[in-house]
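Descriptive structure summary
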Protein chains: 2
Amino acid sequence: MIIDKLYESVENKGHVCVGLDTSLDYIPKHFMSKFVSEEEALFQFNKEIIDATLDIAACYKVQIAYYEALGISGLIAYKRTLDYIKESKGIIISDIKRGDIAKTAEMYAKAHFEGDFETDFITVNPYMGLDSIEPYLPYLKNKNKGLFALIRTSNQGAKDIEFIETKDNKKVYEAVGEKIHDMGKEFIGGCGYSAIGGVIGCTHVNEAIQLRKVLNTMFFLIPGYGAQGGKAEDVALYLKNGNGGVVNSSRGILLAYRKVGDELNFADCARKEAIRMKEDIMRAVKGI
Amino acid sequence: MIIDKLYESVENKGHVCVGLDTSLDYIPKHFMSKFVSEEEALFQFNKEIIDATLDIAACYKVQIAYYEALGISGLIAYKRTLDYIKESKGIIISDIKRGDIAKTAEMYAKAHFEGDFETDFITVNPYMGLDSIEPYLPYLKNKNKGLFALIRTSNQGAKDIEFIETKDNKKVYEAVGEKIHDMGKEFIGGCGYSAIGGVIGCTHVNEAIQLRKVLNTMFFLIPGYGAQGGKAEDVALYLKNGNGGVVNSSRGILLAYRKVGDELNFADCARKEAIRMKEDIMRAVKGI
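Remember, it's a predicted structure, so these values are computed and weren't measured experimentally. Within every chain, residues take consecutive numbers counted from 1 along the sequence as written. Here the convention is simple: chains get letters from A, ligands get numbers from 1, in the order in which they are written. At least 70 in pLDDT is required for a residue's local features to be given in this predicted model, at least 80 for side-chain atom pairs to be given and counted, and no such filter applies to totals for whole chains, interfaces and linings, which use all residues. As a rule here, side-chain values cover all heavy atoms of the structure and leave hydrogens and water aside.

**A short note on the overall build of chain A**
In this text, helices come from DSSP runs of H or I with a minimum length of four residues, and strands from runs of E with a minimum of two, each type numbered from the N-terminal end. Each helix and strand in chain A was counted, giving 13 helices and eight strands. Expressed along its principal axes, the backbone C-alpha trace of chain A runs to roughly 60 × 45 × 35 Å. Considering chain A as a whole, with its 288 residues, one finds that 64% of them fall into the buried category. Contacts are assigned to residue pairs that have any heavy atoms within 4.5 Å of one another. A separation of at least 24 residues holds for 74% of the contacts in chain A among residues at least 6 apart in sequence. The Shrake-Rupley method, run with a 1.4 Å probe sphere, supplies the accessible areas, and residue values consider only the shown protein chains as cover. Accessible surface computed for chain A: about 10,400 Å², of which carbon and sulfur atoms make up 48%. Only four residue types enter the tally: Lys and Arg on the positive side, Asp and Glu on the negative side; His and the chain ends are excluded. Think of each charge as sitting on NZ of Lys, CZ of Arg, CG of Asp or CD of Glu. Looking at charge distribution, chain A has the averaged site of its 37 positive side-chain charges lying 2 Å from that of its 40 negative ones. Remark: exposure states derive from per-residue accessible area (1.4 Å probe, protein chains only) relative to the maximum for the residue type, with buried under 20%, exposed over 50%, and partly exposed in between.

**Details of helix 6 (residues 102-113) of chain A**
Residues and elements named next belong to chain A. By this rule the span expected of a helix is its residue count minus one, scaled by 1.5 Å. Along its twelve residues, helix 6 runs 16 Å from first to last C-alpha, staying within 8% of the 16 Å computed at 1.5 Å per residue. For helix 6, the tally of buried residues reaches nine of twelve residues, placing the bulk of the element in the interior. Listed in full, the buried residues belonging to helix 6 are Lys-103, Thr-104, Ala-105, Met-107, Tyr-108, Ala-109, Ala-111, His-112 and Phe-113. Residue Gly-115 follows helix 6 closely and has a positive phi angle near 75 degrees.

**Looking at the side chain of B:Glu207**
Residue placement: B:Glu207 occurs in helix 9 (residues 205-214). Ignoring anything within four residues of it in the chain, the contact list for B:Glu207 reads B:Arg152, B:Phe163, B:Tyr173 and B:Tyr238.

**Side note on the pattern of salt bridges**
Salt bridges are defined by distance alone: a side-chain nitrogen of Lys or Arg within 4 Å of a carboxyl oxygen of Asp or Glu. Under the definition given, this model contains 50 salt bridges over all chains. The partner of B:Arg283 in a salt bridge is B:Asp280, and the shortest N-O contact between them spans 3.7 Å. Residue B:Arg283 and its partner B:Asp280 are both found in helix 13 (residues 266-287); the two are separated by three residues, about one turn of the helix. We classify B:Arg283 as exposed; its relative accessible area is 58%. For B:Asp280, a relative accessible area of 16% translates into the label buried. Residues participating in the shared-partner salt-bridge network are A:Asp21, A:Lys61, A:Asp95, A:Lys97 and B:Asp100.

**Comments concerning the sheet that holds strand 1 (residues 16-19) of chain B**
All names here are of chain B. When DSSP finds two or more bridges between a pair of strands, those strands are recorded as paired. Here eight strands make up a closed barrel; going around it, the order is 1-2-3-4-5-6-7-8 and the pairing parallel. Sheet twist, expressed as the average angle between the axes of neighbouring strands with direction ignored, equals 30 degrees. Strand direction decides the pairing type here: strand 1 and strand 2 (residues 59-63), joined by three bridges, are parallel. Among the inter-strand pairings, Cys-17 is bridged to a residue of strand 2, identified as Cys-59. Fitted lines through C-alpha atoms serve as axes, helices being fitted only where they are in contact, and the angles separating the N-to-C directions of these axes extend from 0 to 180 degrees.

**Comments concerning the side chain of A:Thr119**
All names here are of chain A. Here Thr-119 is to be found in the loop between helix 6 and strand 4 (121-124). For Thr-119, a relative accessible area of 1% corresponds to the buried category. Separated by 3.4 Å, the side chain of Thr-119 and the backbone oxygen of Ile-92 make a polar contact. Excluding anything up to four places from it in sequence, Thr-119 contacts Ile-92, Ile-93, Ser-94, His-112, Phe-113 and Lys-145. Whenever two N or O atoms come within 3.5 Å, that pair is a polar contact, provided that in protein one can donate a hydrogen and the other can accept it, and provided that, for residues adjacent in sequence, both atoms are side-chain atoms.

**A closer look at the interface of chain A and chain B**
Across the boundary between the two partners, chain A contributes 58 residues, which contact 58 residues of chain B. Taking both partners together, chain A and chain B bury about 5,000 Å²; carbon and sulfur atoms supply 59% of that area. Defined here as a combined quantity, buried area equals the accessible surface (1.4 Å probe) lost by two parts on assembly, summed across both. Looking at the side of chain A facing chain B, the largest losses of area belong to A:Ile72, A:Tyr127 and A:Lys167, adding up to 16% of the total buried there. Connecting chain A to chain B are eight salt bridges. Of the charged contacts in the structure, one is a salt bridge between B:Asp100 and A:Lys97, with a shortest N-O distance of 2.6 Å.

**What to know about the packing of helix 8 (residues 172-184) of chain A against helix 9 (residues 205-214) of chain A**
All names here are of chain A. Contact geometry of helix 8 with helix 9 gives a least axis separation of 11 Å together with a crossing angle of 25 degrees. In terms of their interaxial angle, helix 8 and helix 9 are classed as roughly parallel. The handedness of the crossing between helix 8 and helix 9 is right-handed. Between helix 8, through Tyr-173, Glu-174, Glu-178 and His-181, and helix 9, the contact on the second element is made entirely by Glu-207, Gln-210, Leu-211 and Val-214. Ten residues, namely Ala, Val, Leu, Ile, Met, Phe, Trp, Tyr, Cys and Pro, are considered nonpolar, four, namely Asp, Glu, Lys and Arg, are considered charged, and the remaining ones, Gly among them, are considered polar. Residue composition of the contact of helix 8 with helix 9, by class: three nonpolar, two polar and three charged. An angle below 35 degrees is read as roughly parallel, one above 145 as roughly antiparallel, one from 65 to 115 as roughly perpendicular, and any other as oblique. Each crossing gets its handedness from the near helix: less than a right angle anticlockwise from the far helix is left-handed, clockwise is right-handed.

**Notes on the environment of A:Ala195**
Residue and element names in this part refer to chain A. Looking at the element boundaries, Ala-195 is found in the loop between helix 8 and strand 6 (196-200). With 21 residues separating them along the chain, Ala-195 and Glu-174 place their C-alpha atoms 19 Å apart. With residues up to four places along the chain from it excluded, the contact list for Ala-195 reads Met-1, Ile-3, Phe-121, Leu-140, Lys-145, Gly-146, Leu-147 and Phe-187.

**Description of the relation of the copies chain A and chain B**
Two chain copies here: they are related by a rotation about an axis and a translation along the same axis. Relative to chain B, chain A is turned by 180 degrees and slid 0.0 Å along the rotation axis, the superposed coordinates differing by an RMSD of 0.0 Å. Considering both components of the superposition, the chain copies are consistent with a two-fold axis. Minimal C-alpha separation from the rotation axis in chain A is found for A:Thr166, amounting to 1.9 Å. A high fraction, 100%, of the interface residues of chain A reappear at the interface in chain B, so the copies pair face to face through one surface. Only residues with pLDDT of at least 70 in both copies contribute their C-alpha atoms to the least-squares superposition of the copies.

None of the figures reported here should be taken as evidence of function without further support.
Below, the structure is given as structure tokens:
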């Protein structure tokens, strides 16, 4: 199962998920000027980042919005990026956060689990209910695909809906987490985790301990490290025996060259930041 | 404001929102065989439907998933469909249900409020909170765009999350509806409705009356008529003085030819069904 492959990748390479949320203005000018089109520059920038991080990245998270923003040519760069990660034997999480039901969800499954945009995992938004997840399930069993459902995100606005208190003295995100966790029990791989994972932002210590305990077969996709304030020590609380999650960093890695002031060697700067991050988390994991 | 234009369109043409959720298998074989590519057939089918319904359709809802499922060429057909509706002076709701925050949401705004996929309204998923809506707001003011946020959907699974009971004796969807409604107050047009509308499935009588009362400046996008079981009398309860919402029908219109058994004249069948639906709703609206 794909979740076993991701688990193994974490065992071998660490927890870093390299986020290819590539905005055109992240691409250094000298590099941009080499190419005739934005599409080509976008793809070639990603290719450099992938080449420089392949032995450190547990997986790559590609945020489709950055490509969709450029229309058809952006989506061609998106497709080429996915194809290149596949050729390189990397694991892909397509961060698409789709959420719809019935035949529409089947169409999204078709869009991202086969054809031009085929990927390993997609992120999904569960607001409409479990029947917005069900249409993807045949692909988990038959095509070795996986999901990450939004549970508790790391943004300020999470308080608006995810944090609404329910009659059972829970928060909405806890109720959502439990429902998705239950649904995932049918898809548990040899590693002990389900092919239905959860997006769980790195936030507070108590929350982390509770979520890791309750959602014990759920693999976590953890945003919020670095730029968004999460520390390695916090991240470690979301992991179990040193595995059970990947930690995303996008700008922290893609824009590492700006911090160093070395845009000529942007890919090498990205590599060094990915290694630093990997070791930072490893150290914290061992410290527990 | 775009919401005034939609309101006026309802005044002039009635409440029917023609849903272009065009699956390839909806296209009659004789028509399909005329074209060299799926992309061309998909666009030409939509074009026939648009031409046949332009004077009856308050607006068109284009469900991107059906196009995304066909990869790059599907998205070209999607773009061509949007362009054709614009040329024809129709109003478009792009049913994309995107939901993300910060720079990612800005990218979705860029994707769908300018460039290749520019549209009038998009649907958004509010699960992550109000900061998943905020990045679109500048476009409401400066580019005359609008939103429909998911509030209470008409699927079975709505019970899973939208119906969770909160400590304040509300359901989650009611709390979400009120937050979005408040947010919309800054964007109310001359017609008395906000450019931030809500997706409110056609379901139960009591619910309809309550929602229409509380969310009194929210324009509704109402799915669930016909194929999903909602009747014109139910729909009428979601409208206010005969306006305040559009009612979507996709398969009911696109596949009207199957019911009649006349695939040669699929566009004419679609037109007749749109007229029947328009009159059905009008009759119910006047009956209140």
